Amino acid sequence: MSRNSDRYDPGPQIAQCGAVNLGVTDIEKSLFFFRDTLGMEEVERRGNVSYLRCYQELGHHSLVLTEQAEAVVNAYSFRVKRPQDVELFYEELKRQEIEVLELPAGAEAGRGAAIRFLLPGGDHPFELYYDIDKPRAPQHMRSRLPSNSSKRRGLGVRRIDHFNIQTSPSTINQAERWVRETLGFKRREFAYLPDHPETIMASWMSVTPQVHDLAIVANRLEKTAQMHHVAFNLQDFSDALTAADVLRDLDVSYGVGPGKHGVGQAMYLYIHDPGSDHRVEIYAGGYLIFDPDWEAIEWKPADFPEGLTWYGDPIDTTTGSRGRDTTGSAGLRR
Ligand SMILES: [Fe+2]
C-alpha cells in the first residue's frame, strides 16, 4: 500500500527563509556587529565574502556579507521543500515569462544549484535553492546539544526570522499576490492604505506557522525594491531587553525599541549594521498559527498604529532600510 505522499504531489513549495546576502561597505564593522556582538558563527570566508549562521542553524549560512562599493541587498534566498522544487519553480517562472538566472552549486559557498529572479511587482532579487551543506562547527565552538550547531554566545541570535521588503504602492498588490499564488505564502495579517482602500499597505505572509516569514510594505517614495529590515530571532523578550542594554553602550546606530508589535505579537528592537547601515531587527516571541483555514486579519486604519506598536516606540515602516533613499536591488545579474 502506498503512502499518501506517493499519490499526491503538492507541486513546488517554499520551506523557509534561507539567507540574506547583504552588500556591505566595511566588512570588518559588519563582522563586529553580526559575529562578535549578535553572536553569529563565521562559517567560511572567501575573499571579500563572509558566510555566517546562528547558533541553532545547522545549515551552512543564513547571512552572507559581501564587501562591495554599494550597500545594496544582493539576494533574499528561500529554501524549497524538495530537491526537484528548484527545477519545478524554474519551469513555472519560465511559463510566466519571468527572466531566470541559473546559479551553479557554490555560487554561494556551501549551497547547491539555485535560481535567481526579480520579484514581479517588486524587483527584489529572490533566489531559490534546496541543497545546503551542514558543516560541523570547529571543536572549540561546538555545542554538546546536537540541535545547536555551536555554543550560544554574544547576544544569542538563534536563527534568521523574516524579511521585510518594500515596493511601490502602484505594484504592491501584484507583488503580494504573486508571492501568495506562485510561491505559496499565506496572508496572515494585512492592512490597506487609508487613502486607497484596495491597495495593500502591508501584508505579513508565511509558509511556516510563524505569522510572517516575509512582509511586504508599501514604500511612500514609490521605490520598488527597498529592504526595510532583515530579522534575527532571539529566544525570549528578556533577551531583547538585554540586547538593547548592551547595544546602547556600543558604537552601533540605534533605531527604535524594544517594544511589542500588535501584528504577530513579537518584541522588536531595530538597530543598524555599522558596516552597511542596513536596518536589522532583533525579534523575540510572537504567536504561531496552526489553523489550516486561518483567515487573514485585517487592520483598519484607526487601529493600525497599535498593530505596529502595541507598546514601545513608534516605527517608521514606509522608508527604506537605511532611512534614506537607497537602492535596494542589485538587479538580476550580480
Ligand atoms: Fe520585522
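Residues numbered from 1 in each chain as written. Predicted model: local features only at pLDDT ≥ 70, side-chain atom pairs only at ≥ 80, totals over all residues. Heavy atoms only, no water.

Enquirer: Mind showing me how you'd approach the sheet that holds strand β6 (residues 101-103) here?
Expert: Each strand in a sheet pairs with its neighbour through backbone hydrogen bonds, running either in the same direction (parallel) or in the opposite one (antiparallel). Strand order in this open sheet of eight strands is β2-β3-β4-β1-β5-β8-β7-β6, and the pairing throughout is mixed. Either end of the sheet is taken by a strand with one partner, and the two such strands are β2 (41-46) and β6. Strand-to-strand twist across the sheet, computed as the mean angle between neighbouring axes with direction ignored, equals 25 degrees. Where β6 meets strand β7 (residues 114-118), three bridges bridge the pair, whose relative direction is antiparallel. Counted as the bridge partner of Glu 102 is Ile 115 from β7. Docked against the sheet, helix α2 (residues 27-37) engages β1 (14-24), β2, β3 (49-53) and β4 (63-67), running at close to 160 degrees with respect to β4. The sheet contacts of helix α3 (residues 85-95) involve β1, β5 (73-80), β6, β7 and β8 (125-129), and relative to β7 the element is tilted by about 30 degrees. (Pairing = 2+ DSSP bridges. Helix = DSSP H or I, 4+ residues; strand = E, 2+ residues; numbered from the N terminus. Axes fitted to C-alpha atoms, helices over the stretch in contact; angles between N-to-C directions. Contact = heavy atoms within 4.5 Å.)

Enquirer: Even after reading the chapter, I still don't get the nonpolar core, so can you show me in this structure?
Expert: Nonpolar side chains in soluble globular proteins tend to end up buried together. Within the largest apolar cluster, 75 residues are counted, with the highest numbers of intra-cluster contacts made by Phe 34, Phe 78, Phe 163 and Phe 232. Ignoring sequence-local partners within four residues, the contact set of Phe 163 consists of Cys 17, Ala 19, Val 20, Tyr 76, Ser 77, Phe 78, Asp 213, Leu 214, Ala 215, His 229 and Val 230. If you look at the next biggest cluster of nonpolar residues, it comprises five residues, including Leu 101, Ala 114, Tyr 129 and Ile 132. (Core = buried A, V, L, I, M, F, W, Y, C linked by side-chain atoms within 4.5 Å. Buried < 20%, exposed > 50% of the residue type's maximum accessible area, 1.4 Å probe, protein only.)

Enquirer: What is the right way to read a nonpolar patch on the surface from this model?
Expert: Residues Phe 32, Val 246 and Leu 250 make up a contiguous nonpolar surface patch of about 200 Å² in total accessible area. The residue Phe 32 is located in helix α2 in this model. Phe 32 sits in the partly exposed class, given a relative accessible area of 31%. (Patch = residues over 30% accessible without salt bridge, like charges linked within 9 Å, V, L, I, M, F, W, Y side chains within 5 Å. Areas by Shrake-Rupley, 256 points an atom, 1.4 Å probe, with all protein chains shown as cover. Salt bridge = Lys/Arg side-chain N within 4 Å of Asp/Glu carboxyl O.)

Enquirer: Whenever I open this one, the state of the cysteines confuses me. Can you help?
Expert: Every disulfide links exactly two cysteines, by a covalent bond between their sulfur atoms. All chains considered together, the criterion is met by zero disulfides. Summary of cysteine pairing: Cys 17 is not part of a disulfide, and the nearest cysteine sulfur, belonging to Cys 54, is at 12 Å. Cys 17 gets classed as buried once you look at its relative accessible area, which sits at 6%. (Disulfide = S-S within 2.5 Å.)

Enquirer: What's the story with the packing of aromatic side chains in this structure? I'm lost.
Expert: Given two aromatic rings, their pairing is described by the distance between the two centres and the angle made by the two planes. Counted under the stated rule, the structure contains 13 aromatic pairs. For the ring pair Phe 33 and Phe 34, a centre distance of 4.8 Å and an interplane angle of 75 degrees mean the geometry is edge-to-face. Looking at Arg 79, its charged tip hangs above the ring of Tyr 130, at a distance of 4.6 Å from the centre. (Phe/Tyr/Trp six-rings, centres within 6.5 Å; stacked < 30°, edge-to-face > 60°. Lys NZ or Arg CZ within 6 Å of the ring centre and 35° of its normal.)

Enquirer: Help me understand the confidence of the model for the protein, please; the structure alone is not making it clear to me.
Expert: Looking at the protein as a whole, its pLDDT mean stands at 93, while 94% of the residues score no less than 70. Counted against residues more than four places away or in other chains, residues 323-330, with its pLDDT under 50, gives 20 contacts. (pLDDT = per-residue confidence, 0-100.)

Enquirer: Could you clarify how one ought to interpret the sheet that holds strand β14 (residues 259-260) in this entry?
Expert: Strand order in this open sheet of nine strands is β14-β15-β16-β13-β9-β12-β11-β10-β17, and the pairing throughout is mixed. Strands at the two margins of the open sheet, each flanked by one partner only, are β14 and β17 (297-298). The pairing of strand β10 (residues 186-193) with strand β11 (residues 196-206) spans seven bridges and is classified as antiparallel. Paired with Leu 193 across the two strands is His 196, which belongs to β11. Across the sheet, helix α4 (residues 172-181) is in contact with β9 (159-167), β10, β11 and β12 (214-218); its angle to β11 comes to roughly 35 degrees.

Enquirer: Explanation requested: the pairing of β2 in the structure shown.
Expert: Look at any regular strand and the pattern is simple: side chains alternate between the two faces of the sheet. Note that β2 and β3 share five bridges and pair antiparallel. Bridging from a neighbouring strand, Glu 44 pairs with Tyr 51 of β3. In textbook terms, the turn of a hairpin is the stretch between consecutive antiparallel strands, and for β2 and β3 this stretch comprises two residues, one of which, Gly 47, has a positive phi near 60 degrees.

Enquirer: Please clarify how the coordination of the iron ion should be interpreted in this entry.
Expert: For a metal with four tetrahedral donors the ideal donor-metal-donor angle is 109.5 degrees, whereas six octahedral donors ideally subtend 90 or 180 degrees. Within the protein, the atoms that donate to the iron ion are His 162 (NE2), His 229 (NE2) and Glu 281 (OE), at distances of 2.0 to 2.1 Å. In primary-sequence terms, the residues that donate to the iron ion follow H-x66-H-x51-E. With His 162 in strand β9 and His 229 in strand β13 (residues 226-234), this residue pair connects regions lying 67 residues apart in the sequence. Side by side, His 162 and His 229 carry an identical accessibility label, which is buried. (Donors = N, O, S within 2.8 Å, 3.2 Å for Na, K, Ca; no water.)

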